[in-house]
Protein chains: 2
Amino acid sequence: MSVDDNSVIVGQKSTMNYVVACVTLFNTGTNVIKVIARGRSISTAIETVEMLRKAFIKELKIDNIEIGSQTFEKMGKTRTISTIEMTLTKPNKFH
Amino acid sequence: MSVDDNSVIVGQKSTMNYVVACVTLFNTGTNVIKVIARGRSISTAIETVEMLRKAFIKELKIDNIEIGSQTFEKMGKTRTISTIEMTLTKPNKFH
């Protein structure tokens, strides 16, 4: 999992927040963005991408979906959390 | 989203239940299985695949990951739920 300037990290806010974040990012001129989430937020991340593609950017393409897991210590116990990273591209329009 | 005999549908039980279901399915001789989940269960589905690949079937390959959404009526309101479908393959071993 790699986070850069063109990443939207999905957390516990409502889906629409992240849809707007993605649209804004595309409007800065970027053609490739990443939507990243961990654990329970993964379903929100998928909702974000689906809403984006059905209602906002019809020509959106899902280039790649990667899953993984991260291990961390919490109160002395080792816990594992799953992650998702979706790479989205918006094709250039030639007028 | 298509459910068939070689699908494991992930719900609200603990991850290990679904890991065992996948191992059992592969042991019947199938080389390709699908792990399917909706909404909150999606993170459990990803945990299942990650555990399967790290601890049980090292040679496991994730062939394809598809995301989608389903719309349904609940108490007069239209609700949308996101879905994931992961296709896993276990390469044949030639001894």
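Up top you'll find the structure we're talking about.
Residues numbered from 1 in each chain as written. Chains lettered and ligands numbered in written order. Predicted model: local features only at pLDDT ≥ 70, side-chain atom pairs only at ≥ 80, totals over all residues. Heavy atoms only, no water.

This part is about the pattern of salt bridges. Residues and elements named next belong to chain A. For the structure on display, the rule yields 6 salt bridges over all chains. Between Glu-85 and Lys-34 there is a salt bridge, with its nearest N and O atoms 3.4 Å apart. Pair noted here: Glu-85 is in strand β4 (residues 77-89) and Lys-34 is in strand β2 (residues 32-38), with a separation of 51 residues, a long-range link. Pair check on accessibility: Glu-85 and Lys-34 agree, each one buried. (Salt bridge = Lys/Arg side-chain N within 4 Å of Asp/Glu carboxyl O. Helix = DSSP H or I, 4+ residues; strand = E, 2+ residues; numbered from the N terminus. Buried < 20%, exposed > 50% of the residue type's maximum accessible area, 1.4 Å probe, protein only.)

Within the open sheet, the 4 strands sit side by side as β1-β2-β4-β3 (chain B). Their pairing is mixed. Here the strands that pair on one side only, and so sit at the sheet edges, are β1 (7-10) and β3 (61-74) of chain B. Along the sheet, successive strands turn relative to each other by an average axial angle of 20°, direction set aside. Sheet analysis places strand β2 (residues 32-38) of chain B next to strand β4 (residues 77-89) of chain B, joined by 7 bridges and oriented antiparallel. Bridge pairing in β4 of chain B places Ala-37 of chain B opposite Ile-84 of chain B. Sheet strands in contact with helix α2 (residues 42-56) of chain A are β3 and β4 of chain B, and its direction is about 75° off that of β3 of chain B. (Pairing = 2+ DSSP bridges. Axes fitted to C-alpha atoms, helices over the stretch in contact; angles between N-to-C directions. Contact = heavy atoms within 4.5 Å.)

So, on to the interface of chain B and chain A. Contacts between chain B and chain A engage 20 residues on the former and 20 residues on the latter. Approximately 1,500 Å² of surface area, both sides summed, lies buried where chain B meets chain A, with 65% of it carried by carbon and sulfur atoms. Counting across the chain B and chain A interface gives 0 salt bridges. Between chain B and chain A we count 6 residue pairs in polar contact (both at pLDDT 80 or more) in total. The set of elements that each furnish at least two residues to the side of chain B that touches chain A consists of α2 (42-56), β3 and β4 of chain B. Considering each element in turn, the side of chain B that touches chain A owes the most residues, 8 residues, to α2 of chain B. Residues of the side of chain B that touches chain A, tallied by class, amount to 8 nonpolar, 7 polar and 5 charged. (Buried area = accessible area lost by both parts, 1.4 Å probe. Polar contact = N/O pair within 3.5 Å; in protein donor to acceptor, adjacent residues only side chain to side chain. Nonpolar A, V, L, I, M, F, W, Y, C, P; charged D, E, K, R; others polar.)

This part takes up the relation of the copies chain B and chain A. Superposition of the two copies of the chain requires a rotation about an axis together with a shift along that axis. Rotating chain B by 180° and moving it 0.0 Å along the rotation axis overlays it on chain A with an RMSD of 0.0 Å. Within this description, the copies of the chain are treated as partners about a two-fold rotation axis. A high fraction, 100%, of the interface residues of chain B reappear at the interface in chain A, so the copies pair face to face through one surface. (Least-squares fit on C-alpha atoms with pLDDT ≥ 70 in both.)

Its volume calculated, the largest pocket comes out at about 360 Å³. Contributing to the lining of the largest pocket are 16 residues, with Ser-43 and Glu-47 of chain A together with Gly-39, Arg-40 and Arg-79 of chain B lying nearest its centre. At the level of secondary structure, the elements contributing two or more residues to the lining of the largest pocket comprise α2 of chain A together with β3 and β4 of chain B. Of the residues in the lining of the largest pocket, the class split is 2 nonpolar, 8 polar and 6 charged. (1 Å grid on protein atoms, 1.4 Å probe; cavity = no way out; pocket = protein on both sides within 12 Å on 5 of 7 lines; lining within 4 Å. Points joined across faces, edges and corners; volume = space filled by probe spheres on them.)

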